[in-house]
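If you want the building blocks of each chain, they are given just below.
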Amino acid sequence: MVVKETETKPIVDELLAKAKKPAQLSPAMHRFYEGKMQVIPKCAIRGIDDFAFWYTPGVAATCRQIEADPDKSFELTNRWNYVAIVTDGTRVLGLGDIGPEAAMPVMEGKALLFKYLGGVDAFPICLRTKNPDEIIRICKTIEPTFGGINLEDIEKPKCFQILESARSEMQIPVWHDDQQGTATVILAGLINAFKLVGKKPKESLITLIGSGAANIRTAYVLMRWGVKPGNIILADTKGVIHRGRPDIDEKDDPWKYDVAQKTNRENRTGGIENAFKGVDAVVAASKPGPGTIKKELIKSMASDAVVFACANPIPEIWPWEAKEAGARVIATGRSDFPNQVNNSMGFPAIFRGVLDVKAKTITDDMCIAATAELALYAEERGMDETNILPRMDEWEVFPREAVACALKSIDQGVARIKPSRMELHERASAIISNARATTELLMKHGLIKPPPKEEELLR
């Protein structure tokens with residue numbers, strides 16, 4: 001069915017207004033609550049005498065045990081559940097380099113998702129330095145306090161250097177959500193989308209539009225999962241990425257250079273349109289639309305095409321336009337369209353899993369284990385072309401995903417402890433349920449105040 005422009009205009013206006021509404025409400029909501037996170041006790045305090053063992057003099061005996069064996073800090077303190085969300089504020093959402101203070105609301109939001117979806121106690125660490133070596137040094141310096149590090153909103157290419165160096169030099173999991181988190185959820189969506197269209201993803205042509213941290217890592221994860229490197233094509237603002245591009249320098253950006261050497265078997269060159277011709281799937285993590293991707297480009301793809309337009313707040317192409325152009329499965333980064341591709345389906349559970357085995361690192365294989373569980377959950381509960389991924393309110397997927405990551409940690413020899421599958425699932429379920437129930441209880445008793453009405457916030 002062809003939709004006339006006069007019919008789509010009201011829809012577009014409504015969606016744009018809807019996209020703007022959270023931004024209108026957000027400052028007032030943050031001001032009302034004075035931020036989003038707080039620290040509360042988890043131990044019993046029956047009276048003032050209990051502080052004799054929670055603090056001095058009794059706590060000295062606990063300190064002595066950790067002095068003798070530093071790994072006991074994972075047993076005798078909450079270190080096992082602490083994650084630092086580290087940023088320099090140089091690549092915050094679509095806002096760019098806005099500085100560490102302005103990055104705080106995003107990092108607090110990340111901490112909120114960590115707690116509510118994964119039961120993880122995460123803390124914003126916003127740094128007044130842009131030097132990658134200094135950021136690595138700081139991560140290593142604060143390692144004794146935390147069970148894991150989540151790198152966030154750091155510009156490329158230094159984000160690759162920071163991740164790789166910190167991962168190799170530290171004994172706790174370090175991960176960059178803009179890289180590994182995005183790649184995890186994208187791969188899960190692609191697995192199920194290809195099932196629905198009856199194609200084999202490991203044999204199909206896949207184009208990645210945008211060559212930032214998200215798509216560079218997605219390329220690596222796709223290759224690690226089994227997609228033939230030559231079947232992956234990347235494109236950026238200058239066109240198709242190929243091994244002869246003179247502007248892609250090994251010294252300036254070794255990761256982009258490496259991908260350029262490994263991908264694009266046909267050695268396609270030229271403008272972005274050449275990245276679309278005959279490919280089975282396109283994953284865009286680029287400039288917000290609408291109109292970044294034209295309908296004509298979708299029409300040039302193979303039949304039963306898969307299109308992920310992940311830019312926020314407006315996808316690179318409206319979903320109905322992609323549908324009209326011949327795409328069969330379409331995903332975006334927005335919650336008000338079908339098939340939302342959202343990192344929140346990855347990082348809370350992945351960290352829950354690796355924290356529960358006190359893992360020393362997070363590998364791409366652990367991300368792939370999470371991917372498999374995400375895809376399987378959607379398939380088991382039933383999926384179709386408008387429902388290929390779990391949603392944030394399907395909380396049962398998070399313990400399953402956590403267990404998958406924990407077991408992979410054990411398999412790869414990086415776990416400090418080795419619980420059984422059942423023990424891991426029971427623990428993850430209990431911790432996540434507790435976090436959700438605590439929030440609900442605080443709201444029920446007015447300890448978290450109900451927000452004002454929207455009209456009051458917008459005054």
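Residues numbered from 1 in each chain as written. Predicted model: local features only at pLDDT ≥ 70, side-chain atom pairs only at ≥ 80, totals over all residues. Heavy atoms only, no water.

*Asks:* So what exactly am I meant to see when it comes to the overall build of the protein here?
*Replies:* In terms of regular secondary structure, the protein is built from 17 helices and 10 strands. Taken over C-alpha atoms, the radius of gyration comes to 23 Å for the protein, in line with the 23 Å a tight globule of 459 residues would show. Split into buried and exposed, the 459 residues of the protein put 51% on the buried side. In the protein, of all internal contacts separated by at least 6 residues, the share reaching a separation of at least 24 is 72%. When the accessible surface of the protein is totalled, it reaches about 21500 Å², and 55% of it is carbon and sulfur. Charge-centre separation for the protein: the mean point of 61 positive side chains lies 1 Å from the mean point of 62 negative side chains. (Helix = DSSP H or I, 4+ residues; strand = E, 2+ residues; numbered from the N terminus. Rg over C-alpha atoms; globule rule 2.2 N^0.38 Å. Buried < 20%, exposed > 50% of the residue type's maximum accessible area, 1.4 Å probe, protein only. Contact = heavy atoms within 4.5 Å. Areas by Shrake-Rupley, 256 points an atom, 1.4 Å probe, with all protein chains shown as cover. Lys, Arg positive; Asp, Glu negative; His and termini not counted. Charge placed at Lys NZ, Arg CZ, Asp CG, Glu CD.)

*Asks:* Honestly, the state of the cysteines in this entry has me stumped. Any pointers?
*Replies:* What we call a disulfide is simply a covalent bond connecting the sulfur atoms of a pair of cysteines. Using the criterion set out here, one finds zero disulfides in the structure. You can see C43 has no disulfide; the closest cysteine sulfur is in C63, sitting 15 Å from it. (Disulfide = S-S within 2.5 Å.)

*Asks:* Sorry, what's going on with the packing of aromatic side chains here?
*Replies:* Two descriptors summarise a pair of aromatic rings, namely the distance from one centre to the other and the angle between the planes of the rings. Per the counting criterion, the structure on display carries 11 aromatic pairs. Measuring from ring centre to ring centre gives 4.7 Å for F114 and F347, while their planes differ by 65°; the resulting arrangement is edge-to-face. Pair noted here: F114 is in helix α5 (residues 100-118) and F347 is in helix α13 (residues 347-356), with a separation of 233 residues, a long-range link. Neither residue differs from the other here; F114 and F347 are each classed as buried. Ring plane angle 85° and centroid distance 6.0 Å describe the contact between W175 and F351, whose orientation is recorded as edge-to-face. In this pair, W175 sits in strand β4 (residues 174-176) while F351 sits in helix α13, placing the two residues 176 residues apart along the sequence. Each member of the pair W175 and F351 is classed as buried. Grouped by ring-pair contacts, the aromatic residues F114, W175, F347 and F351 constitute a single cluster. (Phe/Tyr/Trp six-rings, centres within 6.5 Å; stacked < 30°, edge-to-face > 60°.)

*Asks:* Could you clarify how one ought to interpret the pairing of strand β8 (residues 281-284) in this entry?
*Replies:* Residues of β8 alternate between two faces, with A281 and V283 on one and V282 and A284 on the opposite face, all of them buried. With four bridges joining them, strand β5 (residues 206-209) and β8 adopt parallel strand pairing. Paired with I206 across the two strands is A281, which belongs to β8. Pairing of β8 with strand β9 (residues 305-309), which is carried by four bridges, proceeds in the parallel orientation. The partner of A281 across the bridge, within β9, is V306. (Pairing = 2+ DSSP bridges.)

*Asks:* Quick question: what am I supposed to make of unusual backbone geometry here?
*Replies:* The amide bond that connects K156 to the next residue, P157, takes the cis arrangement and shows omega of 5°. You can see P157 is positioned in the loop between β3 (148-151) and α7 (158-169). Here G289 and P290 are connected by a cis peptide whose omega angle stands at 0°. In this fold, P290 is placed in the loop between β8 and α11 (295-299). Positive phi, close to 50°, is recorded for D153, a residue that is not glycine. Looking at where D153 falls in the secondary structure, it is placed in the loop between β3 and α7.

*Asks:* Explain helix α9 (residues 213-225) here, please?
*Replies:* An ideal rise of 1.5 Å per residue puts 18 Å on 13 residues; α9 measures up with 18 Å between its terminal C-alpha atoms. Most of α9 sits inside the fold, with 11 of its 13 residues counted as buried. Turning to α9, its buried residues are A213, A214, N215, I216, R217, T218, A219, Y220, V221, L222 and M223. Two residues or fewer past α9, G226 is found with a positive phi of approximately 135°. (Expected span 1.5 Å × (residues − 1).)

*Asks:* In this structure, what is going on with the sheet that holds β3? I would like to understand it.
*Replies:* Within a sheet, neighbouring strands are paired by backbone hydrogen bonds and run either parallel or antiparallel to one another. The strand order across the open sheet built from four strands is β2-β1-β3-β4, with neighbouring strands paired in parallel fashion. Two strands bound the open sheet, and with one partner strand each, they are β2 (121-126) and β4. Averaged over neighbouring strand pairs, the angle between their axes works out to 25° when direction is ignored. Where strand β1 (residues 82-87) lies against β2, six bridges are found, and the strand directions are parallel. When the bridges of β2 are listed, V86 appears paired with I125. (Axes fitted to C-alpha atoms, helices over the stretch in contact; angles between N-to-C directions.)

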